[in-house]
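Survey of secondary and tertiary structure
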Amino acid sequence: MTISRFKFTLALTLVLLLSACASWFPSYEKPQVNITSFALAPESTGVSPTFLIGLQVVNPNRSALPLKGMSYSVEVEDQRILTGAEPNLPEVPGYGTAEFTIKASPDLLGSARLINQLLSGQRETLHYLFRARFDVGRLLPFITLEEEGEFGFGRTGSESSN
């Protein structure tokens, strides 16, 4: 009888704590991440190039967002082609933005699979997915954000018909 009463009390305490934690951030909105640039790093040499990805993080909340670090990946047509991690990030002020640049290295196997897919069929657009996992080091230890879309290889100019 004492053990079941203890379990009930423990379960009730956990439920109350979890509901209290949820009320601490009732109007919290996830930040938004925007890709602002993408380029080959000038110092890239050898077999494995390094890419620079410019990011803008928008914080729609009242309190500042102290970014401790992040991990990220870029997928094209469901093939992971770039990955990386960055430990030194700026704090994003409340109702503000922060811009910074991260370095990413290619995943050679994912890139090879993508090239194989591209060679097997003609496409005018490619689907991409940028996924980032930010460590904010507080009660909300990680925030996962995704930016996805398509980029095209559409023809420009006019086509002539004979």
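Residues numbered from 1 in each chain as written. Predicted model: local features only at pLDDT ≥ 70, side-chain atom pairs only at ≥ 80, totals over all residues. Heavy atoms only, no water.

Quick notes on the overall build of the protein
Each helix and strand counted, the protein has two helices and nine strands in total. The buried share of the protein, taken over its 162 residues, is 31%. Counting only contacts in the protein whose residues sit at least 6 apart along the sequence, the fraction spanning at least 24 positions is 64%. As displayed, the protein offers around 11,100 Å² of accessible surface, 57% of which is attributable to carbon and sulfur atoms. (Helix = DSSP H or I, 4+ residues; strand = E, 2+ residues; numbered from the N terminus. Buried < 20%, exposed > 50% of the residue type's maximum accessible area, 1.4 Å probe, protein only. Contact = heavy atoms within 4.5 Å. Areas by Shrake-Rupley, 256 points an atom, 1.4 Å probe, with all protein chains shown as cover.)

Topic: the sheet that holds strand β1 (residues 32–40)
Neighbouring strands of a sheet are bound in pairs by backbone hydrogen bonds; such pairs are parallel or else antiparallel. Read from one edge to the other, the open sheet built from seven strands follows the order β1-β2-β7-β5-β4-β8-β9, with strand pairing classed as antiparallel. Each edge of the open sheet carries a strand with a single partner, namely β1 and β9 (142–152). Averaged over all neighbouring strand pairs, the angle between strand axes comes to 25 degrees, with direction disregarded. Contacting β4 (69–76), β5 (79–86), β7 (96–106) and β8 (125–135), helix α2 (residues 108–120) runs over the sheet at an angle of about 150 degrees to β5. (Pairing = 2+ DSSP bridges. Axes fitted to C-alpha atoms, helices over the stretch in contact; angles between N-to-C directions.)

Details of the environment of P106
Mapping P106 onto the fold places it in strand β7. Sequence separation between P106 and F51 is 55 residues; the distance between their C-alpha atoms is 8.1 Å.

Description of the nonpolar core
Among the nonpolar cores identified, the biggest contains 27 residues, and L55, L67, M70, F100, I102, F130 and F134 are the most heavily contacted of them. Where this core is concerned, the elements lending two or more residues are β2 (51–59), β4, β5, β7, β8 and β9. When neighbours within four sequence positions are excluded, F134 is seen to be in contact with V57, L67, G69, M70, L89, F100, P141, F142, I143 and L145. (Core = buried A, V, L, I, M, F, W, Y, C linked by side-chain atoms within 4.5 Å.)

Points about the environment of V76
Position of V76 among the secondary structure elements: in strand β4. Sequence-wise, V76 and G149 are 73 residues apart; in three dimensions their C-alpha atoms are separated by 9.8 Å. Other than its neighbours up to four places away in sequence, V76 contacts I81, L114, L126, H127, Y128 and F151.

Some words on α2
Residues spaced three or four apart along an α-helix point in a common direction, a consequence of the helix completing one turn every 3.6 residues. The end-to-end C-alpha distance of α2 is 18 Å, a good match for the 18 Å that 13 residues give at a rise of 1.5 Å each. Taken together, the buried positions of α2 are G110, S111 and L114. Around the axis of α2, the buried residues are gathered within 100 degrees of arc, so they sit on the same side. Of the residues in α2, the exposed ones pointing more than 90 degrees away from the buried face are L108, L109, N116, L119 and S120. If you follow the buried residues of α2, they end up packed against β4, β5 and β7. Among the residues of α2, the N-terminal cap falls to D107, whose side-chain oxygen and the backbone nitrogen of L109 are separated by 3.2 Å. (Expected span 1.5 Å × (residues − 1). Arc of directions from axis to C-beta. Polar contact = N/O pair within 3.5 Å; in protein donor to acceptor, adjacent residues only side chain to side chain.)

Some words on the environment of L114
By the element assignment, L114 lies in helix α2. Sequence-distant contacts of L114, that is, excluding residues within four places in its chain, are made with V76, E77, Q79 and I81.

Thoughts on unusual backbone geometry
Although it is not a glycine, E77 sits at a positive phi angle of roughly 50 degrees. Tracing the backbone through its elements, the reader meets E77 in the loop between β4 and β5. One non-glycine residue, D78, adopts positive backbone phi at about 65 degrees. On the basis of relative accessible area, D78 is assigned to the exposed category, the value being 66%.

Here's the deal with the pairing of β7
A one-sided burial pattern is seen for β7, the buried positions being G96, A98, F100, I102, A104 and P106 and the unburied ones T97, E99, T101, K103 and S105. Pairing analysis gives two bridges linking β5 to β7, with the strands arranged antiparallel. Bridge assignment links T83 to a residue of β7, and that residue is S105.

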